Amino acid sequence: MSLTQESKQEIINGYQVHETDTGSVDVQIAMLTTRISQLSGHLKINKKDHSSRRGLLKMIGRRKRLMNYLRKEDLERYQGLIKRLGIRG
């Protein structure tokens, strides 16, 4: 259910801004997007798992706030990131 260390490292390597970057906004949004998609799949199977649904909604809110911050700070980076992640039509 949670991300393994290897999958986290792949996400970090794919979205890092510089070579020692592990916590930039891009990496955090990519990590949250991966967890959101995994949890959405879980909730399609387990419809009555309300505690996981609440966690999903909290993650979506956190990702939204990070994306709003990135959009204000650097619009080009924001547009590139949403295109790479395939979110927000």
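The structure under discussion appears in the preceding block.
Let me begin by describing the structure that accompanies this report.

Rules of the game
- Residues numbered from 1 in each chain as written.
- Predicted model: local features only at pLDDT ≥ 70, side-chain atom pairs only at ≥ 80, totals over all residues.
- Heavy atoms only, no water.
- Helix = DSSP H or I, 4+ residues; strand = E, 2+ residues; numbered from the N terminus.
- Buried < 20%, exposed > 50% of the residue type's maximum accessible area, 1.4 Å probe, protein only.
- Contact = heavy atoms within 4.5 Å.
- Areas by Shrake-Rupley, 256 points an atom, 1.4 Å probe, with all protein chains shown as cover.
- Core = buried A, V, L, I, M, F, W, Y, C linked by side-chain atoms within 4.5 Å.
- Patch = residues over 30% accessible without salt bridge, like charges linked within 9 Å, V, L, I, M, F, W, Y side chains within 5 Å.
- Salt bridge = Lys/Arg side-chain N within 4 Å of Asp/Glu carboxyl O.
- Lys, Arg positive; Asp, Glu negative; His and termini not counted.
- Charge placed at Lys NZ, Arg CZ, Asp CG, Glu CD.

In terms of regular secondary structure, the protein is built from four helices and zero strands. Scanning the protein from its N terminus toward the C terminus, one meets helices and strands in the order α-α-α-α. By principal-axis analysis of the C-alpha atoms, the protein measures approximately 40 × 30 × 20 Å. The buried share of the protein, taken over its 89 residues, is 33%. In the protein, 49% of the contacts between residues at least 6 apart in sequence involve partners at least 24 apart. Put simply, the protein shows about 6300 Å² of open surface, and 51% of that area lies on carbon and sulfur atoms.

In terms of nonpolar packing, the biggest core is built from 23 residues, with Tyr15, Ile29 and Leu85 touching the most fellow members. The set of elements that each furnish at least two residues to this core consists of helix 1 (5-15), helix 2 (25-45), helix 3 (50-73) and helix 4 (75-85). Top element by residues in this core is helix 2. It accounts for nine residues. Other than its neighbours up to four places away in sequence, Tyr15 contacts Asp26, Val27, Ala30, Leu81, Arg84 and Leu85.

This next bit is on a positive patch on the surface. Where like charges cluster on the molecular surface, the positive patch consists of Lys8, Arg35, Arg54, Lys58, Arg62 and Arg65. It is helix 3 that provides the largest number of residues to the positive patch, a total of four residues. Within the secondary structure, Arg54 sits in helix 3.

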